[in-house]
Amino acid sequence: GESVGLHLPTLSVQEGDNSIINCAYSNSASDYFIWYKQESGKGPQFIIDIRSNMDKRQGQRVTVLLNKTVKHLSLQIAATQPGDSAVYFCAENFSGAGSYQLTFGKGTKLSVIP
Amino acid sequence: KAGVTQTPRYLIKTRGQQVTLSCSPISGHRSVSWYQQTPGQGLQFLFEYFSETQRNKGNFPGRFSGRQFSNSRSEMNVSTLELGDSALYLCASSFVTGQNEAFFGQGTRLTVV
């Protein structure tokens, strides 16, 4: 789909395995982070968010880890399923800017092997 | 609860024409932001509106403009279309502050020929 860049990093995992998708963010002042999943032909779908006063947050089958020291985010998906195949984006926002402007990473394509 | 609705889903326009895209946010959401998505540049911020005021604008030429109405619905306009404007245009809505989830619509696929 159009969400995939020409040189998008790709992660291939076996169905049932755990997936870890990494992201480096750019602004040390960013205080809010979101992971999105985008399937071909669709808009980004919210997965999970985390505020900068936390270093870990868990959802259903997903966990986000935040390391502010090295400006790194990761998304862990447990027991990966074929329906998890998509492009995953991290996004950051600095709420102190007085507006809502998400800065997105380049994305990672996750392929689940049945 | 209805999600973010963007219309139309697909558009084909000729170079030099102008186009208007529409976005209806989730009920109660007052912040609406627009993004352009292309294979080469990824997702890039266009502008954000809150209470009918543009609060921030990305690094796009003045041909790209927008507005927000009192019911929070938003439109964006692109004038004098260029081939490079072909992209998926996405709208996102959020409740109020910068630490709330932003939800996206399906997007409008614009093709300029």
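Predicted model only: the values in this text are computed from it and were never measured.

Below, the discussion takes up the interface of chain B and chain A. Across the contact, 27 residues belong to chain B and 27 residues belong to chain A. Interface of chain B and chain A: buried area, both sides summed, is about 2200 Å²; carbon and sulfur atoms make up 52% of it. Ranking the residues of chain B by area buried against chain A places Pro39, Leu43 and Gln99 of chain B at the top, with a combined share of 27%. Remark: the boundary between chain B and chain A carries zero salt bridges. At the surface where chain B touches chain A, the tally comes to 10 residue pairs in polar contact (both at pLDDT 80 or more). If you list the elements that add at least two residues to the side of chain B that touches chain A, you get strand 4 (31–38), strand 5 (42–50), strand 6 (53–57), strand 9 (87–94) and strand 10 (102–104) of chain B. Considering every element that reaches the side of chain B that touches chain A, the biggest residue donor is strand 4 of chain B, with five residues.

Residues and elements named next belong to chain B. Across the sheet, which stays open at both edges, the four strands sit in the order 1-3-8-7 with antiparallel pairing between neighbours. Bordering the open sheet on either side are strand 1 (5–7) and strand 7 (64–68), each of which pairs with just one other strand. Going from strand to strand, the sheet's axes swing by 20 degrees on average, the running direction of each strand aside.

Here the focus is the environment of Lys42 of chain A. Tracing the sequence through the fold places Lys42 of chain A in the loop between strand 3 (32–38) and strand 4 (45–51). The sequence separation of Lys42 of chain A and Gly83 of chain A amounts to 41 residues, and the corresponding C-alpha distance is 14 Å.

Residue and element names in this part refer to chain B. Across four bridges, the pairing between strand 5 and strand 6 is antiparallel. Its bridge partner being in strand 6, Tyr49 is matched across the sheet by Gln54. Here strand 5 folds back onto strand 6, and the loop between the two strands holds two residues, one of which, Ser51, carries a positive phi near 50 degrees.

So, how was this worked out
- Residues numbered from 1 in each chain as written.
- Chains lettered and ligands numbered in written order.
- Predicted model: local features only at pLDDT ≥ 70, side-chain atom pairs only at ≥ 80, totals over all residues.
- Heavy atoms only, no water.
- Contact = heavy atoms within 4.5 Å.
- Buried area = accessible area lost by both parts, 1.4 Å probe.
- Salt bridge = Lys/Arg side-chain N within 4 Å of Asp/Glu carboxyl O.
- Polar contact = N/O pair within 3.5 Å; in protein donor to acceptor, adjacent residues only side chain to side chain.
- Helix = DSSP H or I, 4+ residues; strand = E, 2+ residues; numbered from the N terminus.
- Pairing = 2+ DSSP bridges.
- Axes fitted to C-alpha atoms, helices over the stretch in contact; angles between N-to-C directions.

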